[in-house]
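For reference, the chains in residue letters:
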Amino acid sequence: MGRRPKAKVTLDRELADLPTELRWREWMGRVEAVIFASRDPVTREMLARVVGEGCSVELIVDDIRSELRGRPYQLVNVAGGWQLRTRKNFADAIRTATGTTEQGDLLSASETLVLMCIAYYQPITRSELGRFFGRDISRDVIGHLRKLGFIGSGPRAPQPGAPYTYVTTKAFLAHYGYDTLRDLPDMEALEDAGLLSKEMLLAGDLLPGLHETDPE
C-alpha cells in the first residue's frame, strides 16, 4: 500500500478570536520559533507567512530583540534576513565548553585576501584578480572558496573569451555577519581615517573577522 499524502496544514494567521495583546504575543512566538529552527537567515517573506495580514514583521522583530536584551544570544540582520546568534563576549565560554578552537582552518592568508578582493571588486575575473596581486590566482584557491559557499559565478565579463566572473554569496554575508554588501567597511573612509594602507591590505586586515581565520 502506498503512503497516504500528508494533510496540508492550515495555519490561522489572523488569530481574530484572541485579544490584541495575546495575538501579538503569539505572533512573536511564531516568528522567534521559525528563526530559531532555521540554520539560515530567515527572510521577511518567510516570516510573513505565519503572522496576520498587515502585521509588521519589523515591529515583531524589534519586540523580540527588546526581550532578548541581557540574554547571551541576540537577533541580528544578516544576508537579507534575521538569525539568532550568540553574543561575541561568550565566544570563549562556548569554545571552552565544546573543546573547539577559533575558525583557524577555513581560510589561509592568501584565500582570505582573495575573498576580500572579490567582496570589494565583484564581479571580477580570475585574471583580474591575478593582475591585482601581480601573480596568477590558483584554481585551487577559487575552488576552495566555492566549496565553502563564499563565492559563486557572476555574469560573463565583456572581454575576449567572455570569462566568468566571481561574486560573493549570501553564505559569505551570513558567515561574516553582514546584512548586505553595503555593510562592508567603506574603503575611502578607512583610508581617510588612517585605518587602511597598502600594508594592511596585503596583510588581509580589512574585513572585520576575516583575518581571524588565518591559521598561520
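Residues numbered from 1 in each chain as written. Predicted model: local features only at pLDDT ≥ 70, side-chain atom pairs only at ≥ 80, totals over all residues. Heavy atoms only, no water.

Describing helix H6 (residues 126-133)
Link 1 in the chain: All buried positions along H6 are accounted for by Arg-126, Leu-129, Gly-130 and Phe-133. Looking straight down H6, one finds its buried side chains confined to an arc of 100°; they lie on one side.
Link 2 in the chain: Each element contacted by the buried residues of H6 is listed here: helix H5 (109-121), helix H7 (139-147) and strand E4 (164-168).
Link 3 in the chain: Gly-134 sits one or two residues past H6 and shows a positive phi near 75°. (Buried < 20%, exposed > 50% of the residue type's maximum accessible area, 1.4 Å probe, protein only. Helix = DSSP H or I, 4+ residues; strand = E, 2+ residues; numbered from the N terminus. Arc of directions from axis to C-beta. Contact = heavy atoms within 4.5 Å.)

A short note on the side chain of Gln-122
Link 1 in the chain: Along the polypeptide, Gln-122 turns up in the loop between H5 and H6.
Link 2 in the chain: A polar contact of 2.8 Å, which involves the side chain of Gln-122, links it to the side chain of Thr-168.
Link 3 in the chain: Here Gln-122 is in contact with Cys-117, Tyr-166, Val-167, Thr-168 and Leu-181, once residues within four sequence places are set aside. (Polar contact = N/O pair within 3.5 Å; in protein donor to acceptor, adjacent residues only side chain to side chain.)

Considering the nonpolar core
One recurring pattern in soluble globular proteins is that nonpolar side chains are buried together.
Link 1 in the chain: One finds Val-114, Leu-115, Ile-118, Leu-129, Leu-145, Ile-151 and Phe-172 to be the most contacted residues of the largest nonpolar core, which totals 27 residues.
Link 2 in the chain: At the level of elements, H5, H6, H7 and helix H8 (170-176) are the ones that each hand at least two residues to this core.
Link 3 in the chain: In terms of residue count, H5 provides more of this core than any other element does, eight residues in total.
Link 4 in the chain: Each residue touching Leu-145, except ones within four places of it in the same chain, is listed here: Leu-107, Glu-111, Val-114, Leu-115, Ile-118, Phe-150 and Ile-151.
Link 5 in the chain: Judged by nonpolar contacts, the second largest core, of 17 residues, contains Ile-35, Val-50, Cys-55 and Ile-64. (Core = buried A, V, L, I, M, F, W, Y, C linked by side-chain atoms within 4.5 Å.)

With respect to unusual backbone geometry
Peptide bonds are trans in most cases, and residues, glycine excluded, mostly fall at negative phi.
Link 1 in the chain: Looking along the chain, the bond that leaves Gln-122 and enters Pro-123 is cis, with omega of -5°.
Link 2 in the chain: Tracing the chain through its elements places Pro-123 in the loop between H5 and H6.
Link 3 in the chain: With a phi angle near 50°, Ala-79 is a residue other than glycine that sits in the positive phi range.
Link 4 in the chain: On the secondary structure map, Ala-79 appears in the loop between strand E1 (73-78) and strand E2 (81-86).

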